[in-house]
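Chain residues, written in single-letter form:
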Amino acid sequence: MIQTSTYSIKLHSRTAIQTLRDTAVIYRNAVDFYIAVIDENWDAVFASVGNRENAVRSAERLTLTTKKRPVVAYDFGAKFYKFPSYLRRAAIAEAYGKVSSYRSNLASWEKADPRLRGQKPGFPKAGFVYPAMYRDNMFVRTGTYEARIKVFIRNTWDWITVSFRKSDVDYILHHCGNRKECVPTLQKRGKCWYLDFPFQRKVELADVDIFSQTIVAVDLGINNCCTCAIMRSDGTILGRRFLRLPREYDSLNRKISRIKSAQRHGSRKMPRLWSLAKNVNDDIAVKTAQFIVDAAVLYNADTIVFEHLDLRGKKRGSKRQRLHLWKAQRVQAIVTDKAHALSMRVSRINAWNTSRLAYDGSGRVLRGSESTKTNGCYSLCEFPTGKVYNCDLNASYNIGARYFIREILKSLPATDGQRILAKAPECAKRSTCTLSALINLYSALCTAV
């Protein structure tokens, strides 16, 4: 697979701020120009072009004058003087993609039931698109710490020199030296302008037989960061890892309390307070992801397993504020990038009842005020047998077990799988599988052999 990462370099030239803004505006106007052209000629020309390369050629025939074609229906050169050719083709490709998507959505909307189809799709606009700085045509390196980019300046397109910080260049050389550097893109974040450099490299993911795999089953929590269980396919637990970060959570709770206090006194917009809370929350997500990857490296794991969490919809209950701030999907995204860089795989399983069912197969657990043994402590649970156990650790066992059950049954022929399920029927329904079900499945496989 191809893994892509991006590094942003801040442009420090103060004189270039207005120039870069004008460049982005001119590019967006060009995209809007071609959106109108492509939409007007969609049925006659662009509906049958097939791909973006043909769309670019067709759009240029409609908008560019040549010696053999002195008159065109839409004169692009009259409105955009000396517009760079590479940037023009990028604008056409961007416009073709937007119009194609719009036409597809419009066709689906027209076919739908008028009572259920909702609002008609809006006509596309360029929006906040930014130009790509193509090499030689728009971007040229003139030294280790500087480069020249072509921008719209003094009512024409000309070159300006931009400088890079030594720390940025050294970071790229150290961490991205063995990767392919792609075309940079001009971007604006806040009041600052950046050049985003994408880097690509080919990664071969581990292809290990399911019976030889070592996995890290991760239960992401709201109160505790994460709990990891390192498992084998026979149900053997090789290790357990816990991450709590009490200092960071205390800081986050304090900042949330300040926001609530300000809201009670009538404040509505509090960008500074929300920014502080967001920064702490991002720090928690990054530290959690690094902890999970470190645990996988420590035990030489082949796969990292998460729950498939659907966090859409309205949050209810006393912990709805914490659920809104919970960055579980952000953690999974960071871990996925880091794991793929290390040739590890990432998988997700059904999250139903992972915390509710006891890993020993005894049934539903009691948490919090449901039991006198765990009253006031929601991180502990009581099994039907009377045993008190860590609830997150219990969930991580069930997460790993469900992954192995799914992959083992997928690897078996249909007839063999049915024969094994007859001996371990608790594995048939994935939302009720526990660690005991995996152990029974493995025993059935051993006896069948």
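Okay, so let's go over this structure.

**Considering the pattern of salt bridges**
Enumeration over the complete set of coordinates arrives at 20 salt bridges. The salt bridge partner of lysine 287 is glutamate 248, with a shortest N-O separation of 2.6 Å. With a gap of 39 residues between them, lysine 287 in helix H7 (residues 271-298) and glutamate 248 in helix H6 (residues 246-264) connect regions that are remote in the sequence. In this structure lysine 287 comes out as partly exposed when scored by relative accessible area, which is 35%. For glutamate 248, a relative accessible area of 13% corresponds to the buried category. Counted as one network, the salt bridges with shared partners bring together Glu60, Arg88 and Arg89.

**Things to note about the sheet that holds strand S2 (residues 139-141)**
If you trace the three strands from one edge of the open sheet to the other, you get S2-S3-S4, paired in antiparallel fashion. The open sheet has two edge strands with one neighbour each: S2 and strand S4 (156-163). With direction set aside, neighbouring strand axes in the sheet form an average angle of 30°. Sheet analysis places S2 next to strand S3 (residues 146-153), joined by three bridges and oriented antiparallel. Counterpart to phenylalanine 139 in the pairing with S3 is isoleucine 149.

**Digging into the pairing of S4**
Bridging between S3 and S4 involves eight bridges; their strand directions are antiparallel. Across the sheet, the residue bridging to glutamate 146 is serine 163, located in S4. Linkage of S3 to S4, two consecutive antiparallel strands, is achieved through a turn of two residues, within which arginine 154 is found at a positive phi near 55°.

**Side note on helix H2 (residues 52-63)**
Between its first and last C-alpha, H2 extends 16 Å over twelve residues, near the 16 Å set by a 1.5 Å rise per residue. Looking at H2, one finds that the buried residues are Ala55, Val56, Ser58, Ala59, Glu60, Leu62 and Thr63. Where H2 is buried, its residues touch helix H1 (17-40), helix H3 (76-79) and helix H4 (85-111). The backbone nitrogen of glutamate 53 has a side-chain oxygen 3.3 Å away, supplied by the residue at the start of H2, namely asparagine 51.

**Things to note about unusual backbone geometry**
Residue lysine 82 is not a glycine yet carries a positive backbone phi of 55°. Along the chain, lysine 82 falls in the loop between H3 and H4. Of note in this structure, arginine 154 is not a glycine but carries a positive phi near 55°. Within the element layout of this structure, arginine 154 appears in the loop between S3 and S4.

**What to know about the nonpolar core**
Judged by nonpolar contacts, the single largest core of 56 residues is most densely connected at Phe46, Phe83, Ile149, Phe164 and Leu195. When residues of this core are traced back to their parent elements, those giving at least two are strand S1 (2-10), H1, H2, H4, S3, S4, helix H5 (166-175) and strand S7 (192-202). For this core, the element with the most residues is H1, which contributes eleven residues. Beyond its immediate chain neighbours, meaning those up to four positions away, leucine 195 contacts Tyr7, Ser8, Ile9, Leu11, Met133, Phe139, Ile149, Phe164, Pro184, Thr185 and Leu186. Grouped together as the second largest cluster of nonpolar side chains are 39 residues, Leu220, Ala262, Val335 and Met344 included.

**Description of helix H10 (residues 391-411)**
Between its first and last C-alpha atoms H10 spans 31 Å; for 21 residues at 1.5 Å apiece the expected length is 30 Å, and the two agree. Burial analysis of H10 places 19 of its 21 residues in the buried class, which makes it a mostly covered element. N-cap assignment for H10: the residue whose side-chain oxygen lies 3.0 Å from the backbone N of aspartate 392 is asparagine 390.

**Topic: the packing of aromatic side chains**
One pass over the full model with this rule turns up 22 aromatic pairs. Ring centres of phenylalanine 33 and tyrosine 34 lie 5.3 Å apart, and the angle between their planes is 90°; this geometry places the pair in the edge-to-face category. The burial state of phenylalanine 33 is the same as that of tyrosine 34; both residues are buried. In textbook terms, an aromatic cluster arises when at least three aromatic residues are bridged by ring pairs, as seen for Phe33, Tyr34, Phe76, Phe80, Phe83, Phe152 and Trp157. One residue, arginine 28, lies across the ring of tyrosine 130, its end atom 4.7 Å from the ring centre.

**Quick word on the side chain of serine 371**
Tracing the chain through its elements places serine 371 in the loop between strand S13 (366-367) and strand S14 (380-382). Taking the relative accessible area as the measure of exposure, serine 371 reaches 5% and is therefore buried. Excluding residues that lie within four positions of it along the chain, serine 371 makes contacts with Leu366 and Glu382.

**Some thoughts on the environment of leucine 273**
Of note, leucine 273 is situated in helix H7. Since its relative accessible area comes to 12%, leucine 273 is described here as buried. In this structure the C-alpha to C-alpha distance between leucine 273 and alanine 289, which are 16 residues apart in sequence, comes to 25 Å. Excluding its chain neighbours within four sequence positions, the residues that come into contact with leucine 273 are Arg258, Ile259 and Ala262.

Reading the values: rules and limits
- Residues numbered from 1 in each chain as written.
- Predicted model: local features only at pLDDT ≥ 70, side-chain atom pairs only at ≥ 80, totals over all residues.
- Heavy atoms only, no water.
- Salt bridge = Lys/Arg side-chain N within 4 Å of Asp/Glu carboxyl O.
- Helix = DSSP H or I, 4+ residues; strand = E, 2+ residues; numbered from the N terminus.
- Buried < 20%, exposed > 50% of the residue type's maximum accessible area, 1.4 Å probe, protein only.
- Pairing = 2+ DSSP bridges.
- Axes fitted to C-alpha atoms, helices over the stretch in contact; angles between N-to-C directions.
- Expected span 1.5 Å × (residues − 1).
- Contact = heavy atoms within 4.5 Å.
- Polar contact = N/O pair within 3.5 Å; in protein donor to acceptor, adjacent residues only side chain to side chain.
- Core = buried A, V, L, I, M, F, W, Y, C linked by side-chain atoms within 4.5 Å.
- Phe/Tyr/Trp six-rings, centres within 6.5 Å; stacked < 30°, edge-to-face > 60°.
- Lys NZ or Arg CZ within 6 Å of the ring centre and 35° of its normal.

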